[in-house]
Amino acid sequence: MTRYALRVASLAAALGLWQLLTSRDVDLWLRFSQFPTVGDVARAFAGRLAGPDYWTDLTDSLTRILSGFLLAAVLGVAGGVLVARSRLAADLLGPLLEVVRPIPAIALVPVAILLFPSNEQGIVFITFTAAFFPVLVSTRHAVRALAPVWEEAVRTMGGGRWRILGSVVLPGALPGVFGGLSVGIGVSWICVISAEMISGQYGVGYRTWQDYTVVDYPGVFVGMVTIGVLGWLTSTAVELLGRRLTRWLPRTSYVPGGRAQRRVRGAATPAPTGPRPRKDVAHDQLV
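These numbers were taken from a predicted model, which means no experiment stands behind them. (Residues numbered from 1 in each chain as written. Predicted model: local features only at pLDDT ≥ 70, side-chain atom pairs only at ≥ 80, totals over all residues. Heavy atoms only, no water.)

Chemist: Mind showing me how you'd approach the side chain of D211 here?
Modeler: Of note, D211 is situated in helix α9 (residues 204–213). When near neighbours in sequence (up to four residues on either side) are disregarded, D211 contacts R48, D216, G219 and V220. (Helix = DSSP H or I, 4+ residues; strand = E, 2+ residues; numbered from the N terminus. Contact = heavy atoms within 4.5 Å.)

Chemist: Explain the packing of helix α3 (residues 52–85) against helix α10 (residues 217–245) to me, please; I cannot follow it from the model alone.
Modeler: For any two helices packed against each other, the geometry comes down to the angle between their axes and how far apart the axes lie. For the pair α3 and α10, the least separation of the axes is 12 Å and the interaxial angle reads 40°. Considered as vectors, α3 and α10 are oriented oblique to each other. For α3 against α10, the interelement crossing comes out right-handed. Contacts between α3 and α10 involve Y54, L58, L62 and F69 from the first element and V222, T226, L230 and V238 from the second. (Axes fitted to C-alpha atoms, helices over the stretch in contact; angles between N-to-C directions. Parallel < 35°, antiparallel > 145°, perpendicular 65-115°, else oblique. Left-handed = near helix turned anticlockwise from the far one by under 90°.)

Chemist: What am I meant to see in the nonpolar core here?
Modeler: Considering soluble globular proteins, one finds that nonpolar side chains tend to be buried as a cluster. Ranked by size, the top nonpolar core spans 46 residues in total, and within it I126, F132, L181 and W189 carry the most contacts. Where this core is concerned, the elements lending two or more residues are α3, α5 (109–115), α6 (119–144), α8 (161–199) and α10. Looking at this core element by element, the count peaks at 13 residues for α8. L181 has contacts with F69, A73, V135 and V238, leaving out every residue within four places of it along the chain. (Core = buried A, V, L, I, M, F, W, Y, C linked by side-chain atoms within 4.5 Å. Buried < 20%, exposed > 50% of the residue type's maximum accessible area, 1.4 Å probe, protein only.)

Structural data, given as structure tokens:
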């Protein structure tokens, strides 16, 4: 409860500071007099919630982000495992992926406009590209970091390639995979909003840019708040799913006093305190 109270207090403090600086028209180095107040944004938000356009924009943006992200999750995991497990795939696909990976996804908007027959497909492509490479790279590193002894144990017991893949590679790489998915969903939101601003019809990004062009600054902040909340909800959902699927992993949490607790399947095991027991030298020599 204390942690939740601190989180709520931090948000309340940020909103209070925003209200104070904008209501007082503070202009030191940053021009807060140009900003709408918290009350202005709240009234604009209430007006948007009462109309149909807000929900249409919300549905369009969520459809685009989920379509591109799910496609990137499937192909990114498959591509990462393939490149990590096959030398031939690493030689054929590795150079191409490494050349394309540094290109920002938003820079591919002209390519998407020329390549796809509709803006909708182009925006999904931009979202897919933004999430694909974080997932691919994280999966590749996670697979390559697996201990070889696990695979050798499965082979010793007669397991084949698919058995190793299902019993060792995919479960062992899950923590790294979900790390890439968490990064990918955040980058996807950045790129889908930017793509909607450039070439979209409807969507949160499109509406935010339209509000800016007509100098409706409270509407701009409504879009920003919506983007932030949607990004937080989707990243939290990915994190919770990852914790659910990897609940067999031992976890370490920090407690007051700077000591760590090791938790396995939800149970906390306190760190040992006090002096260590002396070793039985005679027993060690006997062993």
